Amino acid sequence: MFWPSSILLFTAYIVSGQNRSFTIDYDNNTFLKDGEPFRYISGSIHYSRIPPIYWKDRLMKMYVAGLNAIQIYIPWNFHEPVKGVYNFTGAHDVEGFIKLAQDVGLVVILRSGPYICGEWEFGGLPAWMLKEDPTIQVRTSDPTYLQFVGGWYDVLYPKIKPLLYVNGGPIITVQIENEYGSYFACDYNYLRFLREKAVELLGTDVILFSTDGSGAHNLQCGSLEGVYTTVDFGPTGQKCRKAFFLQRQWEPRGPLVNSELYTGWLDHWGKNHSVTHIDVVAKSLDLILSMGANVNMYMFEGGTNFGYWNGANYPPYQSVPTSYDYDAPLTEAGDITDKYIALRQIISKYNPVPKMPIPPSTPKHAYGKVSMVFDGTVQDILTRFSPPLPVNKSQLPLTMEQIGSYYGYILYRHVILVNLTTASILSVPGVRDRANVMVNGRPLGVLERGGETDVNITGTKGQYLDILVENQGRIGFGSGMLNNSKGIISNVLLNGSIVEGWEIYPLPLEDLLRVNLSMATGISPSIYVGNFSFQGTAEDTYLDMTNFSKGQVFINGFNLGRYWPSLGPQIRLYVPKSALLAAPSINYVMLFETENVLCPSKQICAVEFMDTPLINATVPAGSSEEEGQEITFLRR
Ligand SMILES: CCCC/N=C1\SC[C@@H]2[C@H](O)[C@H](O)[C@@H](O)CN12
């Protein structure tokens, strides 16, 4: 029986005057919940990666697995994608998600950043900071950065405070930063700012903690007085004793905590899908629980990087796919796995698991093939946006941030000044991250950061040189976070001379009106459209992109994510039923294909909705080669 959060919160509020507390008992090395020993068995789930219609489904499955806690991130950029414009509704309703967790019977471990890593775009940091100050030193006591962080917490923490356990909510602990000891800056003044902001706005009745990899240097730079030190480590068997021994160097007394026991691992485009054997995870969980330690399994439910929200790692630059399945106990679609069953069995040795039946996996439906009709090239669509695209004119290329377009794609146009009768070398060393080069819509080559950044071009005076650039995801880990601008970040050269005179177009594809240029010609990066309808209620499905190469897919205006089946390992995209419309509505599919259509007819090519996932295709041999030295020029 799940009590609505309003009743629970009210009840808890009434009770709150009677010792509702969550504290640390240093004498007995345990947490105390309302004065009673409490050991959490937690799982990570990211609300920003789960369709809201499935939040309760996933939380219930985690509860039935025997978890008594969940661990969540709050991605700052998910809530403030544009400076001063906040979103806490729908998929962004973090308060609603936290209350739902309480309804289900779970307490919440909150990791409120400002940096969260998590293979999320820019580790959760908003890209608009790079517009405000391109030299900003993120994750340090840089005054500009701290001003932005302080402003964010002035908005966020007043929403969080009523949800603290002491105030009747489920939030038992709050994390400061994220694996800060792995960052080069080691700036204690920054950590002190975050601690004091949390105390100022949340009060002193909540446990603040830090998480760091289990290395002495990590803990040295990631730990702070007044913030409880925890460690994270993978399913490393007996090595967990070493990790906890290290934690004891910083916390001689108090609960042992592994804040991230990896149940699987992240993927990168061009690398084979990561898997972690069930037995390896189960044995490690068993050992940790046998030691009386607290544990959070990262991830318990991975989910999806919808839209452009995936992050990247560096060096070399490697972006993360749309699927964040993580080989977790619950699949990207929330399905029960053998790993789920095995871990539930381990947990049951230490905590009674709920006697209720395990909720079933959701039904999947194969809606079949949908013909996608060529509907216009990227050149055709420039006039088809609502509101109309702003044209940014500049002598030298501007970055995405400089024109206030932070995610997805951007088009740089230069009118060729002289006839290029012989092949001329176009160099774009500052491409961030991948570019399609065209002259008058004719594709001439693809450029990649850390890879090929030169291309031979020909053309005549007056023709358009177009460079379509994709932001494949801002780096979310390590020093690569410091120069995370996107678009073209340095000068473009033609036969060694700087190219001047650019028109720069953002491409907010979700604002694209129906193009209806099906009689258009051309094969450059293009729009393909298709539609289908179905009887009955919508069900989850998987969109197979085999016949296309690389791009972005939108269903009924919902930005489903990136596809790149020509590279892999992900071939099919998870489509939650909430993206679909049952008859009599018609479902519209739109693709922005930047490479090649693999169908015999370039005009008509099908995608297929199937009932099984495919995220572990073998990547093309050699496609995961290390990239060359990355060149980052400063602008002229
Ligand atoms: C050796 C690289 C350590 C970087 N830390 C990682 S990679 C996967 C996970 C998630 O990003 C998680 O958000 C990090 O806290 C820890 N971690």
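What comes next concerns the included structure. As the structure is a prediction and not an experimental result, all values here were calculated from the model.

### As for the pairing of strand S1 (residues 22-25)
Working step 1: For S1 and strand S2 (residues 30-33), the ladder comprises 4 bridges, and the chain directions are antiparallel. Each residue of the ladder has a partner; that of Thr-23, found in S2, is Leu-32.

### Side note on the nonpolar core
Working step 1: By size, the foremost hydrophobic cluster in this structure holds 124 residues, and its most contacted members are Ile-70, Ile-72, Ile-160, Leu-507 and Leu-509.
Working step 2: Setting aside its immediate chain neighbours within four residues, Leu-507 contacts Val-378, Leu-382, Phe-385, Leu-389, Tyr-409, Ile-410, Leu-411 and Leu-468.
Working step 3: Core analysis: the second largest hydrophobic core is formed by 27 residues, Leu-543, Met-545, Val-597 and Val-607 among them.

### Examining the packing of aromatic side chains
Working step 1: One pass over the structure, following the stated rule, counts 45 aromatic pairs.
Working step 2: Ring centres of Phe-22 and Phe-38 lie 5.7 Å apart, and the angle between their planes is 80°; this geometry places the pair in the edge-to-face category. One end of the pair, Phe-22, is in strand S1; the other, Phe-38, is in strand S3 (residues 36-38), and 16 residues separate them in sequence.
Working step 3: Take Phe-38: its relative accessible area is 12%, and that puts it in the buried class.
Working step 4: A connected cluster of aromatic rings, assembled from ring pairs, spans Tyr-47, Trp-55, Phe-78, Phe-97, Trp-120, Trp-309, Tyr-406 and Tyr-407.
Working step 5: The ring of Tyr-324 is capped by Arg-49, whose NZ or CZ atom sits 3.5 Å from the centre of that ring.
Working step 6: It is Lys-550 that lies over the ring of Trp-564; its NZ or CZ is 4.7 Å from the centre.

### Some remarks on the side chain of Asn-484
Working step 1: Considering the arrangement of structural elements, one finds Asn-484 in the loop between strand S22 (464-471) and strand S23 (487-488).
Working step 2: Excluding its chain neighbours within four sequence positions, the residues that come into contact with Asn-484 are Phe-122, Leu-130, Glu-401, Arg-474 and Ile-475.

### A few points about helix H11 (residues 338-348)
Working step 1: For H11, the set of buried residues is Lys-339, Tyr-340, Leu-343, Arg-344, Ile-346 and Ile-347. Take H11 and look down its axis: the buried residues cluster within an arc of 160°, on one side only. Away from its buried face by more than 90 degrees, H11 exposes Asp-338 and Gln-345.
Working step 2: Where H11 is buried, its residues touch strand S4 (41-45), helix H2 (55-64), helix H10 (278-290) and strand S11 (294-301).
Working step 3: For H11, the N-terminal cap is Thr-337; the gap from its side-chain oxygen to the backbone nitrogen of Lys-339 is 3.2 Å.

### Some thoughts on helix H6 (residues 143-160)
Working step 1: Taking 1.5 Å of rise per residue, 18 residues should cover 26 Å, and H6 covers 25 Å from first to last C-alpha, within 8% of that figure.
Working step 2: Largest kink in H6: about 30°, centred on Asp-154, with the proline Pro-158 one to four residues after it.
Working step 3: Turning to H6, its buried residues are Tyr-145, Leu-146, Phe-148, Val-149, Gly-150, Trp-152, Tyr-153, Leu-156, Tyr-157 and Ile-160.
Working step 4: Buried residues along H6 sit against helix H3 (76-79), helix H4 (94-104), strand S6 (107-111), helix H5 (128-132), strand S7 (171-175) and helix H7 (188-202).
Working step 5: For H6, the N-terminal cap is Asp-142; the gap from its side-chain oxygen to the backbone nitrogen of Thr-144 is 2.8 Å.

What counts, and where the lines are drawn
- Residues numbered from 1 in each chain as written.
- Predicted model: local features only at pLDDT ≥ 70, side-chain atom pairs only at ≥ 80, totals over all residues.
- Heavy atoms only, no water.
- Pairing = 2+ DSSP bridges.
- Helix = DSSP H or I, 4+ residues; strand = E, 2+ residues; numbered from the N terminus.
- Core = buried A, V, L, I, M, F, W, Y, C linked by side-chain atoms within 4.5 Å.
- Buried < 20%, exposed > 50% of the residue type's maximum accessible area, 1.4 Å probe, protein only.
- Contact = heavy atoms within 4.5 Å.
- Phe/Tyr/Trp six-rings, centres within 6.5 Å; stacked < 30°, edge-to-face > 60°.
- Lys NZ or Arg CZ within 6 Å of the ring centre and 35° of its normal.
- Arc of directions from axis to C-beta.
- Polar contact = N/O pair within 3.5 Å; in protein donor to acceptor, adjacent residues only side chain to side chain.
- Expected span 1.5 Å × (residues − 1).
- Bend = angle between axes of the 7 residues up to and from the residue.

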